[in-house]
Amino acid sequence: MSENKSVIAGDFDRTDRYDAGLKSLANSLRAAFFVLLLGIIGTLIYFFSGAGYFSVEPQQAVIVLRFGKVAATHDSGGHWYLPYPVNQFIRIQTSQQLLNVDFVPAVVSAGEEEGISLEPGRDSYLLTGDANIVHTSWTIAYRVENAAKYYETLLTPALPMVNGKIVPDEEFTDAVGMKGTRGPQTFLRNLFRQAVIDVTAESQVGDILYAGQGAYSEKVQNLFAKLVADANCGIKIDNVGLNRIYPPRKTKGAFDAVTAAGNVRSQLYNEAEAYKVEVENDTKASVAEIIATAETYKKQLVARTEAQEFYFKEIYAKHKIHGSSVTMALYTAALAEVAAKLDGDKFILGSSGEKKQIRFKLNPEPKKSADKKRAQEEK
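Heads up: these notes are all about the structure in this document. Just so it is clear, the model here is predicted, and its values are computed rather than measured.

A word on the overall build of the protein
Each helix and strand in the protein was counted, giving eight helices and 15 strands. Looking at the protein residue by residue over its 379 residues, the buried ones come to 22%. Roughly 27400 Å² of accessible area belongs to the protein as shown, and the carbon and sulfur atoms make up 57% of that amount.

Next comes the structure, spelled out in structure tokens:
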């Protein structure tokens, strides 16, 4: 009897332990369910709020791709869309970017002897229209004007991304094992090379190296901008700068001599121009002085002639009234005036009737000489 009681008591103890374990498991499952539920709710909240929100930074544009196709483009402000995998957001830099393109000899590595001759395939150079070789160095300034067009034409298929930004150029290997790059900068570099080669092939080396550098650079920029516009890739060319242009090393001495001769020519030309200006100014001053003197003499002559004319007319009018007496009076007055001014001797000779003679010694002996002669006679 006692044994039966102990068995029954042991069964009750095991049942209590099982019940406690089940209760603990149920509590753990209930807690895990609540945690999972909170996680799901938080994920949904983030999915429908923060994950789909973005703000556009200055000098950037954000393209919204919906299932791989461009749905919208934003260049400012904050926006919300359903996040990935429904929508994908791609940031495009729209500020001005610089790209360097060089047509120069290859850099010689350490320990390698620098060659004078250019090697095709290794060194980069340009051929002019008169079969000369030149080297140039350029800087291109461009910016993205249409982000959607830029992405569709130059960034697809998708290029690698670093920190949410697209790598400008992606390295690839083609079917035959040749390595290269593709992307917007590679595209612009190839178009620019085409423009430079075309313009250089139509130009003379003298025009490119000397006075025509500005026109040469302008032609390259215009052709390159046209090629980019025809490509319709969303890029606008702001400026193309010619940093450096020089002949090959082997011919540098000859071109330097030409440059020196050109400098001497320019100096002589400037000196000739300065002398020309100086002579022109002196001539103009002399002409102005001669004209002014002639004008003054003209005015004096006209005034004197007019005065004489007036005087003659006045005398002529009196002569009409009084006859020859006016003329005789004038003659007498003139003779008296002349006689008063003479320092020589005057002689009035005898007269016959009303006529008298007056004689003047026009060249008298100087007074000092006469006094000296008289003194000698007295001795």
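Quick notes on the side chain of His-74
Relative to the helices and strands, His-74 is located in strand S3 (residues 69–74). Within the local environment of His-74, its side chain forms a polar contact with the side chain of Tyr-81, the two groups lying 2.8 Å apart. The contact partners of His-74, leaving out residues within four places of it in the chain, are Phe-54, Val-56, Ala-61, Val-62, Val-64, His-79 and Tyr-81.

Observations concerning the environment of Val-62
Structurally, Val-62 can be placed in strand S2 (residues 60–66). Judged by its relative accessible area of 1%, Val-62 falls in the buried class. Considered as a pair, Val-62 and Gln-93 are 31 residues apart in the sequence and their alpha carbons are 8.9 Å apart. In this view, Val-62 contacts Phe-54, Val-56, Ala-72, Thr-73, His-74, Phe-89, Ile-90 and Arg-91; residues no more than four positions away in its chain are not counted.

Considerations on a nonpolar patch on the surface
On the surface, Phe-33, Phe-34, Leu-37, Leu-38 and Ile-41 cluster together into a nonpolar patch covering about 490 Å² of accessible area. Positionally, Leu-38 belongs in helix H1 (residues 2–48). Judged by relative accessible area, which is 59%, Leu-38 ranks as exposed.

Structural notes on helix H5 (residues 213–231)
A rise of 1.5 Å per residue sets the reference length of H5, with its 19 residues, at 27 Å; its end C-alpha atoms lie 27 Å apart and thus fit the reference within 8%. Listed as buried for H5 are Tyr-216, Ser-217, Val-220, Phe-224, Leu-227 and Val-228. All buried residues of H5 lie within an arc of 95° about the axis, which places them on one face of the element. Of the exposed residues in H5, those oriented more than 90 degrees away from the buried face are Lys-219, Ala-229 and Asp-230. Where the residues of H5 are buried, they touch strand S7 (126–127), strand S8 (133–144), helix H3 (184–201), helix H4 (205–209) and strand S13 (235–246).

A word on unusual backbone geometry
Phi is positive for Gln-59, close to 60°, though the residue is something other than glycine. Structurally, the position occupied by Gln-59 is in the loop between strand S1 (53–55) and S2. With relative accessibility at 55%, the residue Gln-59 sits in the exposed group.

What about the packing of aromatic side chains?
Throughout the structure, instances matching the rule amount to six aromatic pairs. Aromatic pair Tyr-81 and Phe-89: ring centres 6.4 Å apart, planes at 50°, arrangement tilted. Among the aromatic side chains, those forming a connected cluster through ring pairs are Trp-138, Phe-192, Tyr-216 and Phe-224. A cation over an aromatic ring shows up here: Arg-193 above the ring of Phe-103, its NZ or CZ 5.0 Å from the ring centre. Between Arg-244 and the ring centre of Tyr-246, over which it is positioned, the NZ or CZ distance is 4.0 Å.

Digging into the pattern of salt bridges
For the structure on display, the rule yields three salt bridges. One salt bridge connects Lys-226 with Asp-230, and the closest N-O pair in it is separated by 3.0 Å. Pair noted here: Lys-226 and Asp-230 are both in helix H5, with a separation of four residues, about one helical turn. Close ionic contact of Glu-309 with Lys-313 constitutes a salt bridge, the shortest N to O distance being 3.0 Å. With Glu-309 and Lys-313 both in helix H6 (residues 252–322) and four residues apart, the pair spans about one turn of that helix. Of the residues examined, Glu-309 reaches a relative accessible area of 39% and is grouped as partly exposed.

What about the packing of H3 against H5?
The relative placement of two packed helices comes down to the angle between their axes together with the axis-to-axis distance. The contact between H3 and H5 brings their axes to 9 Å, and the two run at 135°. Between H3 and H5, the crossing angle belongs to the class labelled oblique. For H3 against H5, the interelement crossing comes out right-handed. The segment H3 lies against H5, with Phe-187, Leu-188, Leu-191, Phe-192, Gln-194, Ala-195, Val-196, Asp-198, Val-199 and Thr-200 engaging Tyr-216, Lys-219, Val-220, Leu-223, Phe-224, Leu-227, Val-228 and Ala-231. Considered class by class, the residues forming the contact of H3 with H5 number 14 nonpolar, two polar and two charged.

Considering the nonpolar core
By size, the foremost hydrophobic cluster in this structure holds 39 residues, and its most contacted members are Phe-192, Tyr-216, Phe-224 and Ile-235. Looking at this core, the element that brings in the most residues is H3, giving six residues. Non-local contacts of Tyr-216, meaning those with residues more than four positions away in its chain, are made with Leu-126, Thr-136, Trp-138, Val-196, Val-199, Thr-200, Ser-203, Ile-208, Leu-242 and Ile-245. Counting six residues, the second-largest nonpolar core is a separate cluster that includes Phe-54, Val-62, Ala-72 and Tyr-81.

Rules and cut-offs
Residues numbered from 1 in each chain as written. Predicted model: local features only at pLDDT ≥ 70, side-chain atom pairs only at ≥ 80, totals over all residues. Heavy atoms only, no water. Helix = DSSP H or I, 4+ residues; strand = E, 2+ residues; numbered from the N terminus. Buried < 20%, exposed > 50% of the residue type's maximum accessible area, 1.4 Å probe, protein only. Areas by Shrake-Rupley, 256 points an atom, 1.4 Å probe, with all protein chains shown as cover. Polar contact = N/O pair within 3.5 Å; in protein donor to acceptor, adjacent residues only side chain to side chain. Contact = heavy atoms within 4.5 Å. Patch = residues over 30% accessible without salt bridge, like charges linked within 9 Å, V, L, I, M, F, W, Y side chains within 5 Å. Salt bridge = Lys/Arg side-chain N within 4 Å of Asp/Glu carboxyl O. Expected span 1.5 Å × (residues − 1). Arc of directions from axis to C-beta. Phe/Tyr/Trp six-rings, centres within 6.5 Å; stacked < 30°, edge-to-face > 60°. Lys NZ or Arg CZ within 6 Å of the ring centre and 35° of its normal. Axes fitted to C-alpha atoms, helices over the stretch in contact; angles between N-to-C directions. Parallel < 35°, antiparallel > 145°, perpendicular 65-115°, else oblique. Left-handed = near helix turned anticlockwise from the far one by under 90°. Nonpolar A, V, L, I, M, F, W, Y, C, P; charged D, E, K, R; others polar. Core = buried A, V, L, I, M, F, W, Y, C linked by side-chain atoms within 4.5 Å.

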